[in-house]
Amino acid sequence: MRPTVLGGLFRRAAVAAALTVLAAGLTALVPASPAAAAAGTFQQVTDFGSNPGNLAMYAYAPAGLPANAPLVVALHGCTQSASDYHAHSGWQKFADRWGFAVVYPQTSSANNSMSCFSWFDATEDMRGKGEAASIVQMVDHAAAQYGSDRGRIYVTGLSAGGGMTADLLADYPDVFAGGAVDSGLPAQCATTLIAASGCQYGSQNLTPRQWGDKVRASYPGHTGPWPRVAIWQGTADTTVAPVNATELRDQWTDVWGIGQTASSTRSLPGGTTESVYDDAAGRPAVALFSVSGMGHGLAVNPGSGDDQCGSTGTYYLNSLCSSYYTALFWGLDGSGGGDGGDGGSLPAPTGLTVTGTTATTASLSWTAVSGAASYLVYRDGARVGTATGSSYTDTGLSAGTSYRYTVAAVDSAGSAGAPSAAVTATTTGTAPRCYTDTNYAQVRAGRAHLSLGSVYANGSNQAMGLYNVAVVHTLKETSPGYFVLADSGC
């Protein structure tokens, strides 16, 4: 058994709780039989390699998984497990819908007293070492078992799992095509435990070039391609300071050789702002999702809607489905994501323009492409319709919300060419904003009030329970200063 890493070194309760959330562990993936994998079961996989990081491996594959499907690696946070992350994060829903396998590494108290991934330990998070090496062994095992497309392997993680995700992207840009860091930290922010809390709570005062150098030094000689990176951060996070999202943005835009000014921004549900940073070809390379009022955790949004997923729990916060938007960013829905197109020979349409919006619709037009039999219309990376002419009206939208559209021309053989440059359409009206936090924080923020030890929503006066940090609710602001409970979905 390896020595405990975090236990006993930090005495203050706030620091201990923060580190508990921050480190994410891997669950050892057990090799499943092809028949079992086809049944769509979540199961442990053993004997996946020499396992220098002492991790466990778990995997989920939907029924009828085809060859050359993508593979997603999902890393849990501190005090969590692989099964916990599988149950709450929503990845199973999209694996079933779009056809890909998910690997869930898991760590344990044998590695770390709070079952955190060792994103801060140079003996564990560097290429070819410790936990990082174990995770890549899981990737190799799963890719061979499922016949995965080695060009479409992605990694995501929460908190300490997010920190390890950033390290893996830096260590193995030849393995991972993309990543998503949820409430996590920049790659190689800390190389010792003592430095970890400094990364969590404050700015490191490094330039984008200095941050980028940490990635380049992780695998010297690699010149690209680089992974496409999504960054998720709550603005009210007191465990991992929001400045970490800015530092992640600086790090990966510098690696890509692009500036730190967003190519486009838009509003998403749950009070979320998405800022996209395009590469030289005009394709999204980095995306920063800032969730207003959200504390430390993974953004989920329970429900049966196409863009909903997951279930709430400790560090699973009701806001919007981050797994859905991450999957779209990577192109797991088949739209191609940042890469776009599916092999068609037709050029990208030009002149895409928003010609009008209402509270529930957005109308588009573009310049016709010679030889096009039809056009595919994508909203937020997901295919939403087909047009035979050079115009389209999208319906069923939410008021006061921004949507990102692209269009691709389809040839007579049915193959779509490269997507157009994106445009943003914002529907009319005002979208309600949602805030997920403890009762204590809701009162402190002015969204609820205290009466005789209990908390009530401002405006609606709905009862929220006791005034403490153990009770968490989601409040929806339906009009200025008027809040209603929205725990079942926002």
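It should be noted that the structure appears before, not after, this text.
Since this is a predicted model, take the numbers as computed values, not measurements.

(A) Fine view of the nonpolar core. Membership of the largest hydrophobic core comes to 46 residues, with the highest contact counts inside it found for Val-73, Leu-75, Leu-168, Tyr-172, Phe-176 and Trp-252. Looking at which element gives the most residues to this core, the answer is helix 5 (residues 130-146), with eight residues. With near-sequence residues (within four places) excluded, Tyr-172 lies in contact with Met-126, Arg-127, Gly-128, Ala-132, Ala-133 and Val-136. In terms of nonpolar packing, the next biggest core, distinct from the first, is built from 40 residues, Leu-158, Val-276, Leu-320 and Tyr-325 among them.

(B) Local environment of helix 7 (residues 193-201). By the burial criterion, the buried members of helix 7 are Leu-193, Ala-196, Ser-197, Cys-199 and Gln-200. Here the buried residues of helix 7 occupy an arc of 160° about the axis, which is enough to place them on one side.

(C) Summary view of the environment of Cys-116. Its location among the elements puts Cys-116 in the loop between strand 5 (101-106) and helix 5. With relative accessibility at 0%, the residue Cys-116 sits in the buried group. Along the backbone, Cys-116 and Ser-159 are 43 residues apart, and their C-alpha atoms lie at a distance of 9.0 Å.

(D) A look at the environment of Gln-145. In this structure, Gln-145 sits in helix 5. Take Gln-145: its relative accessible area is 26%, and that puts it in the partly exposed class. Sequence separation between Gln-145 and Ala-67 is 78 residues; the distance between their C-alpha atoms is 9.9 Å.

(E) View of the state of the cysteines. What the rule picks out here adds up to three disulfides. Here Cys-78 connects covalently by a disulfide to Cys-116, the sulfurs 2.0 Å from one another. Sign of the S-S torsion, about 130° for the bond between Cys-78 and Cys-116, identifies this disulfide as right-handed. Taken as a pair, Cys-78 in the loop between strand 4 (71-75) and helix 3 (82-89) and Cys-116 in the loop between strand 5 and helix 5 lie far apart in primary sequence, 38 residues in all. Here Cys-78 matches Cys-116 in class, with each residue buried. Here Cys-189 pairs with Cys-199 through a disulfide, and the sulfurs are 2.2 Å apart. The sign of the -105° torsion about the S-S bond sets the Cys-189-Cys-199 disulfide as left-handed. One end of the pair, Cys-189, is in the loop between strand 7 (178-182) and helix 7; the other, Cys-199, is in helix 7, and ten residues separate them in sequence.

(F) Examining unusual backbone geometry more closely. Of note, the bond from Gly-224 into Pro-225 is cis; its omega dihedral lies within 30 degrees of zero at 0°. Position of Pro-225 relative to the elements: it lies in the loop between helix 8 (208-218) and strand 8 (228-234). Of note, Thr-79 is a non-glycine position whose phi angle comes to about 65°, a positive value. The residue Thr-79 is located in the loop between strand 4 and helix 3 in this model. Its identity is not glycine, yet Asn-461 carries a phi of approximately 60°, on the positive side. Tracing the backbone shows Asn-461 in the loop between strand 24 (454-457) and strand 25 (463-466). Asn-461 sits in the partly exposed class, given a relative accessible area of 45%.

(G) Inspection of the pattern of salt bridges at higher detail. For the coordinates displayed, the defined rule picks out 13 salt bridges. Among the salt bridges present, the one from Asp-306 reaches Arg-97, with a minimum N-O distance of 3.8 Å. Of the two residues, Asp-306 sits in the loop between strand 12 (298-300) and strand 13 (316-318) while Arg-97 sits in helix 4 (residues 91-98), which places them 209 residues apart along the sequence. Of the charged contacts, one joins Asp-149 and Arg-152 as a salt bridge, the two residues approaching to 3.0 Å between their closest N and O atoms. Looking at Arg-152, the relative accessible area reads 29%, which means it is partly exposed. A single network of salt bridges, built from pairs that share partners, joins Arg-209, Asp-213, Arg-216 and Asp-254.

Scoring rules and cut-offs
Residues numbered from 1 in each chain as written. Predicted model: local features only at pLDDT ≥ 70, side-chain atom pairs only at ≥ 80, totals over all residues. Heavy atoms only, no water. Core = buried A, V, L, I, M, F, W, Y, C linked by side-chain atoms within 4.5 Å. Buried < 20%, exposed > 50% of the residue type's maximum accessible area, 1.4 Å probe, protein only. Helix = DSSP H or I, 4+ residues; strand = E, 2+ residues; numbered from the N terminus. Contact = heavy atoms within 4.5 Å. Arc of directions from axis to C-beta. Disulfide = S-S within 2.5 Å. Salt bridge = Lys/Arg side-chain N within 4 Å of Asp/Glu carboxyl O.

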